[in-house]
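Architecture and fold: a report
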Amino acid sequence: MKPAVEKKSYRLCQITWCLLGLLILVAINLYQRGFRLEYFLQIIPPCVFRTLTGFYCPGCGGTRAVLELLHGNLFHSFYYHPIVLYTVVLYGWYLISNTIQWLSREKYIWGSRYHRWYGIVAVIIVIGNWIIKNLLLFLGISRL
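Residues numbered from 1 in each chain as written. Predicted model: local features only at pLDDT ≥ 70, side-chain atom pairs only at ≥ 80, totals over all residues. Heavy atoms only, no water.

1. Structural notes on the packing of helix α6 (residues 82-103) against helix α7 (residues 116-139)
- The N-to-C vectors of α6 and α7 enclose an angle of 160°; their axes lie 9 Å apart at closest approach. Comparing their axes, α7 and α6 come out roughly antiparallel. When you trace α6 past α7, the crossing you get is right-handed. Residue-level contacts link P82, I83, Y86 and L90 of α6 to Y118, V121, A122, I125, V126 and N129 of α7. (Axes fitted to C-alpha atoms, helices over the stretch in contact; angles between N-to-C directions. Helix = DSSP H or I, 4+ residues; strand = E, 2+ residues; numbered from the N terminus. Parallel < 35°, antiparallel > 145°, perpendicular 65-115°, else oblique. Left-handed = near helix turned anticlockwise from the far one by under 90°. Contact = heavy atoms within 4.5 Å.)

2. Here's the deal with α7
- Along its 24 residues, α7 runs 35 Å from first to last C-alpha, staying within 8% of the 34 Å computed at 1.5 Å per residue.
- Listed as buried for α7 are Y118, A122, N129, K133, N134 and L137.
- Along its buried surface, α7 packs onto α3 (48-53), α5 (74-80) and α6.
- At the C-terminal side of α7, G140 shows a positive phi close to 75°. (Expected span 1.5 Å × (residues − 1). Buried < 20%, exposed > 50% of the residue type's maximum accessible area, 1.4 Å probe, protein only.)

3. A look at α6
- A rise of 1.5 Å per residue sets the reference length of α6, with its 22 residues, at 32 Å; its end C-alpha atoms lie 32 Å apart and thus fit the reference within 8%.
- Three or more residues of α6 are buried, namely P82, I83, V84, L85, Y86, Y94, L95, S97, N98, T99 and Q101.

4. Considerations on the nonpolar core
- Within the largest apolar cluster, seven residues are counted, these being A65, Y80, I83, V84, Y86, Y118 and A122.
- Elements that contribute at least two residues to this core include exactly α6 and α7.
- Apart from residues lying up to four places away in sequence, Y86 is in contact with Y118, V121, A122 and I125. (Core = buried A, V, L, I, M, F, W, Y, C linked by side-chain atoms within 4.5 Å.)

5. Side note on the confidence of the model for the protein chain
- A residue-level look at the protein chain finds 90% of positions with pLDDT of 70 or above and a mean pLDDT of 84.
- For the protein chain, per-element mean pLDDT is lowest for helix α2 (residues 37-43), which scores 75, and highest for α5, which scores 94.
- Long-range and interchain partners of residues 1-5, a stretch whose pLDDT sits below 50, account for two contacts in this model, where long-range means more than four residues apart. (pLDDT = per-residue confidence, 0-100.)

6. Considering the side chain of T99
- In this fold, T99 is placed in helix α6.
- Accessibility expressed as a relative area gives 10% for T99, which makes it buried.
- Among the polar contacts listed, one links the side chain of T99 to the backbone oxygen of L95, at a separation of 2.6 Å. (Polar contact = N/O pair within 3.5 Å; in protein donor to acceptor, adjacent residues only side chain to side chain.)

7. Some points on the packing of helix α4 (residues 62-70) against α6
- In contact at an axis separation of 8 Å, α4 and α6 are set at 50° when each is read in the N-to-C sense. Taken as axis vectors, α4 and α6 run oblique relative to one another. Pair α4 / α6 crosses with right-handed handedness. Residues G62, A65, V66 and L69 of α4 touch α6, and the partners they reach there are V84, L85 and V88.
- For the contact of α4 with α6, the per-class residue count stands at six nonpolar, one polar and no charged. (Nonpolar A, V, L, I, M, F, W, Y, C, P; charged D, E, K, R; others polar.)

8. So, a nonpolar patch on the surface
- Together, I15, L19, L22, V26, L30, F35, Y39, F40, L41, I43 and I44 make up an exposed nonpolar region whose accessible area comes to about 980 Å².
- For the nonpolar patch, the elements supplying multiple residues, two or more each, are α1 (4-32) and α2.
- Its place among the elements puts L22 in helix α1. (Patch = residues over 30% accessible without salt bridge, like charges linked within 9 Å, V, L, I, M, F, W, Y side chains within 5 Å. Areas by Shrake-Rupley, 256 points an atom, 1.4 Å probe, with all protein chains shown as cover. Salt bridge = Lys/Arg side-chain N within 4 Å of Asp/Glu carboxyl O.)

Here you go:
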């Protein structure tokens, strides 16, 4: 009998593939109707933290990073917020490796598992990005 962790992992892969397929269908439908991602930016309210303090919040740049990633601009996505690219690569590897393991009926044991240090690295990336952006803003060197 397989451990419950593996079954949960396979279920997560199945759900993710279904959601990705649904998201692609919705995106194609919206694109055919003339909706563009840039319109989305016009309806998003400004960052409250940035408006009140003048400094960037830890999440500032995340939306622009996602939009740049969807346009295929990996460098710009990383520039706006590196956590987006980190998350996509890490979860992409998780999804692909577990799908291969599931489809091969565990003939290929490639399925990656969550490790605590993934979260620690993510927190370090967010805090480091926040400090660097605000330091550059404070020094007047860079503006996003």
